[in-house]
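The primary structure of each chain is shown beneath.
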Amino acid sequence: MKIVLSATGPGFEAAVDERFGRCPYFLYIDSETLEIEATDNPGEKASGGAGIVAAQAVADKDVKAVLTGHIGPNAHEVLSKAGIKMFTDVTGKVREAVESFKSGNLKESTGPTVAGHFGKGPRV
Amino acid sequence: MIISIASGKGGTGKTLVATSLALSLSENHRVQLLDCDVEEPNAHIFLKPIFDKRETASIPVPVVDEEKCTHCGECSRVCVYNALAVLKTAVMTFPELCHGCGACAYLCPEKAINEELRGIGVIEIGRSGSVDFVHGVLNVGEAMAPPVIRQVKKHIFSDGISIIDASPGTSCPVIEAVKGSDYCLLVTDPTPFGLNDLALAVEAVRSLQIPCGVIINRSDVNDSQIEAYCDRENIPMLMKIPLDIEIAKLYSRGIPLVLGISEWKDRFIDLFEDICACVKQEAI
Ligand code: SF4
Ligand code: SF4
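1. Topic: the sheet that holds strand β7 (residues 131-138) of chain B
Residue and element names in this part refer to chain B.
Here comes step 1: With mixed pairing, nine strands are arranged side by side in an open sheet as β3-β6-β7-β2-β8-β1-β9-β10-β11. Each end of this open sheet is capped by a strand with a single partner; those strands are β3 (50-64) and β11 (237-242). Geometrically, the sheet is characterised by an average inter-axis angle of 20 degrees between neighbouring strands, direction not taken into account.
Here comes step 2: Inspection of the sheet shows strand β2 (residues 31-35) paired to β7 by five bridges, in the parallel sense. If you follow Gln-32 over to β7, its bridge partner there is Asp-132.
Here comes step 3: Those strands touched by helix α1 (residues 14-25) are β1 (2-6), β2, β7, β8 (161-165), β9 (183-188), β10 (212-219) and β11, and its axis lies near 165 degrees from that of β8.

Shown next, in the form of structure tokens:
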């Protein structure tokens, strides 16, 4: 199954980034073969609507599940509409997160876990 | 003639200047005051206008006709505000992020996007004595001040004197309010912060190529830094309103300075003449 993680770096040793919309990298991983592809997150530097572009980008890649820390309301709306499962409160290294996912230890989230603008940093 | 009143930071007495100038000139001129500080309008507290007209301030937001849409993704690519998401079988719109620029509807190859108006504030129009009064009020929770400001400014007279009270700061709403003015008055107070923010405001107004002059409010012994700055930058110092308990009391009670202390009226009329002289000089 193809899944995506929000990450702080481009490989298995990177940490899961708790911010879905604003993380620097998306890691697309085939949970069977562990084939990995890293891309930039178009939401990272968006002035607004980060969660929306980020969610659209991962939906374009036909993923079945998102593993991340928190998901805001707009991203949640797009991901649900695209039929993508969301696993939140995921922490630790990407490698560990994928292992937990495979062993069925992650909890699926049903609603947005943070209000909008999470992870945007101080308003300037 | 359009005169805007701005300040680099809040609480400098911009509204005091705007309302007193409007009242002083209204005896001999056709005058209107437009409060463009739509996030926190307060000129009405001083002028107590009677409103006789209300309009909804709105922006056009996209509505997608799913029958025509091929989910090509063009609309979401052109939207710099990320107010649209295109999935393989659906388009989603996020009206609260839309700035109403119209790009998506214009560029949709299938002509699948129609626009509908979304209210984001109200414009109220009325009179206070012989001053025509217009202000805009952004709805709570809305972030898009510039479209409301544009709608307030549609009411600018073609003749007479229009006085615009801008919002404090130097961001988009201020630029939107000040744009198109013949002259901009910058109100500051004699503090280090006041000077810093004044310099930013001067830069912003100059980028619009609008001549400007400075008014110091709560003027005291510390004016010299502001004066030196104005000298250096060749900006006229047009008025000083002293730090004075009487003036502060009037302000806190919502009474315009020129109504509370009538000799200020002549000073505001002189101020207007100075502005006219500056504008004329600019035109040469
Ligand atoms: S540009 Fe038009 S056709 Fe293409 S996805 Fe958007 S609404 Fe649909
Ligand atoms: S009108 Fe402009 S801001 Fe609004 S959705 Fe379309 S492209 Fe985006």
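2. Quick look at a negative patch on the surface
Here comes step 1: Together, B:Glu263, B:Asp266, B:Asp270, B:Glu273 and B:Asp274 make up a region of like negative charge exposed at the surface.
Here comes step 2: Relative to the assigned elements, B:Asp274 resides in helix α11 (residues 263-283).

3. Examining the environment of A:Tyr25
Here comes step 1: With respect to the secondary-structure elements, A:Tyr25 resides in strand β2 (residues 25-30).
Here comes step 2: The sequence separation of A:Tyr25 and A:Pro42 amounts to 17 residues, and the corresponding C-alpha distance is 9.1 Å.

4. Re the sheet that holds strand β4 (residues 65-67) of chain A
Through backbone hydrogen bonds, the strands of a sheet pair up, either in parallel or in antiparallel fashion.
All names here are of chain A.
Here comes step 1: On the basis of which strands lie adjacent, the open sheet formed by five strands has the order β3-β2-β1-β4-β5 and mixed pairing. The sheet is open, and its two edges are formed by β3 (36-40) and β5 (85-87), each paired on a single side. Each adjacent strand pair in this sheet contributes to an overall mean axis angle of 20 degrees, direction not counted.
Here comes step 2: Pairing geometry for strand β1 (residues 2-7) and β4, over three bridges, is parallel. From the neighbouring strand, Ile-3 faces β4, where its bridge partner is Ala-65.
Here comes step 3: Packing of helix α1 (residues 50-60) onto the sheet brings it into contact with β1, β2 and β4, and relative to β2 it is tilted by some 25 degrees.

Conventions we followed
- Residues numbered from 1 in each chain as written.
- Chains lettered and ligands numbered in written order.
- Predicted model: local features only at pLDDT ≥ 70, side-chain atom pairs only at ≥ 80, totals over all residues.
- Heavy atoms only, no water.
- Pairing = 2+ DSSP bridges.
- Helix = DSSP H or I, 4+ residues; strand = E, 2+ residues; numbered from the N terminus.
- Axes fitted to C-alpha atoms, helices over the stretch in contact; angles between N-to-C directions.
- Contact = heavy atoms within 4.5 Å.
- Patch = residues over 30% accessible without salt bridge, like charges linked within 9 Å, V, L, I, M, F, W, Y side chains within 5 Å.
- Areas by Shrake-Rupley, 256 points an atom, 1.4 Å probe, with all protein chains shown as cover.
- Salt bridge = Lys/Arg side-chain N within 4 Å of Asp/Glu carboxyl O.
- Lys, Arg positive; Asp, Glu negative; His and termini not counted.
- Charge placed at Lys NZ, Arg CZ, Asp CG, Glu CD.

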